Amino acid sequence: MLNYPRVAIDFMNNDHAEFVALRKYLLDLLHSGADHTQVDTMLDNLLEHTRLHFAEEEKEMLAANFTPYPVHKGEHDKVLADMAARIESWKAARNVTALSDWLEHAIRDWFVNHVSSMDFVTAAYIQSRGQS
Ligand SMILES: [Fe+2]
C-alpha cells in the first residue's frame, strides 16, 4: 500500500487513486509474466494518464495565479520526460527487472513525495482561492 495524503481538490484525489491502481496493475502484470504487448499498453495508459493529470493541475495553478507554478511545472516536465524514456528503454531492452524496480521503488518514492509536498500545498492554495 502507498501511504499518501488526501489533498483539498477532489479531481486530484481521484487521479491519484487511479495512478496507484495503474501502477499496481502493471506490477501484477509483470509479476505474472504477462505478454509484453499488454505491459506496453498499460505503460502507454500510465503515461497518458499522468500527462492529462499534470495538464489539469497546471491549468488550475495558472487560473489561481499560483506563484510557485514554475517549480511544480518543472517537476511535472522532468517526471514525464523520465517516464517516456523508461518506457522507450523497456520497449527496446525488455528488461523486466529494471521495469519492476522502477515501478516498485522510484515511482513509489516520487509519487508519495510529490503528493505529500507539491500537490498538497498546491491544492490547499487553489481551494482557498476558490473560496475567497
Ligand atoms: Fe503535481
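Structure shown above.
Residues numbered from 1 in each chain as written. Predicted model: local features only at pLDDT ≥ 70, side-chain atom pairs only at ≥ 80, totals over all residues. Heavy atoms only, no water.

**Details of unusual backbone geometry**
- Positive phi is not limited to glycine here, since Asn65 has a value of about 50 degrees.
- Counting through the fold element by element, Asn65 comes out in the loop between helix 2 (36-63) and helix 3 (69-93).
- Notably, Arg94 is not glycine yet its phi reads approximately 55 degrees, a positive angle. (Helix = DSSP H or I, 4+ residues; strand = E, 2+ residues; numbered from the N terminus.)

**Focus: helix 1 (residues 10-31)**
- The end-to-end C-alpha separation of helix 1 is 32 Å, in line with the 32 Å expected for 22 residues at 1.5 Å each.
- Along helix 1, the positions that sit buried rather than exposed are Met12, Asn13, Asp15, His16, Phe19, Val20, Leu22, Arg23, Leu26, Leu27, Leu29 and Leu30.
- Just beyond helix 1, the residue with positive phi is Gly33, at close to 70 degrees. (Expected span 1.5 Å × (residues − 1). Buried < 20%, exposed > 50% of the residue type's maximum accessible area, 1.4 Å probe, protein only.)

**A word on the packing of helix 1 against helix 2**
- The N-to-C vectors of helix 1 and helix 2 enclose an angle of 165 degrees; their axes lie 10 Å apart at closest approach. Our classification of the angle between helix 1 and helix 2 gives roughly antiparallel. Crossing of helix 1 against helix 2: the hand is left-handed. Where helix 1 abuts helix 2, its residues Phe11, Met12, Asp15, His16, Glu18, Phe19, Leu22, Arg23, Tyr25, Leu26, Leu29 and Leu30 lie against Gln38, Val39, Met42, Leu43, Asn45, Leu46, His49, Thr50, His53, Glu56, Glu57 and Glu60. (Axes fitted to C-alpha atoms, helices over the stretch in contact; angles between N-to-C directions. Parallel < 35°, antiparallel > 145°, perpendicular 65-115°, else oblique. Left-handed = near helix turned anticlockwise from the far one by under 90°. Contact = heavy atoms within 4.5 Å.)

**Comments concerning the nonpolar core**
- Core analysis: the largest hydrophobic core is formed by 36 residues, its most contacted members being Val39, Leu43, Met83, Leu99 and Leu103.
- Counting only elements with at least two residues in this core, the list comes to helix 1, helix 2, helix 3 and helix 4 (96-131).
- What Met83 contacts, discounting residues up to four positions off in sequence, is Phe19, Leu46, Leu47, Thr50, Trp102 and Ile107. (Core = buried A, V, L, I, M, F, W, Y, C linked by side-chain atoms within 4.5 Å.)

**Here's the deal with helix 2**
- An ideal rise of 1.5 Å per residue puts 40 Å on 28 residues; helix 2 measures up with 41 Å between its terminal C-alpha atoms.
- Positive phi appears at Asn65, one or two residues downstream of helix 2, with a value of about 50 degrees.

**As for the pattern of salt bridges**
- Inspection of every chain in the model, using the stated rule, returns 11 salt bridges.
- A salt bridge links Lys73 to Glu58, with the shortest nitrogen-to-oxygen separation between them at 3.4 Å. Here Lys73, found in helix 3, pairs with Glu58, found in helix 2; they are 15 residues apart in sequence, far enough to count as distant.
- We classify Lys73 as partly exposed; its relative accessible area is 25%. (Salt bridge = Lys/Arg side-chain N within 4 Å of Asp/Glu carboxyl O.)

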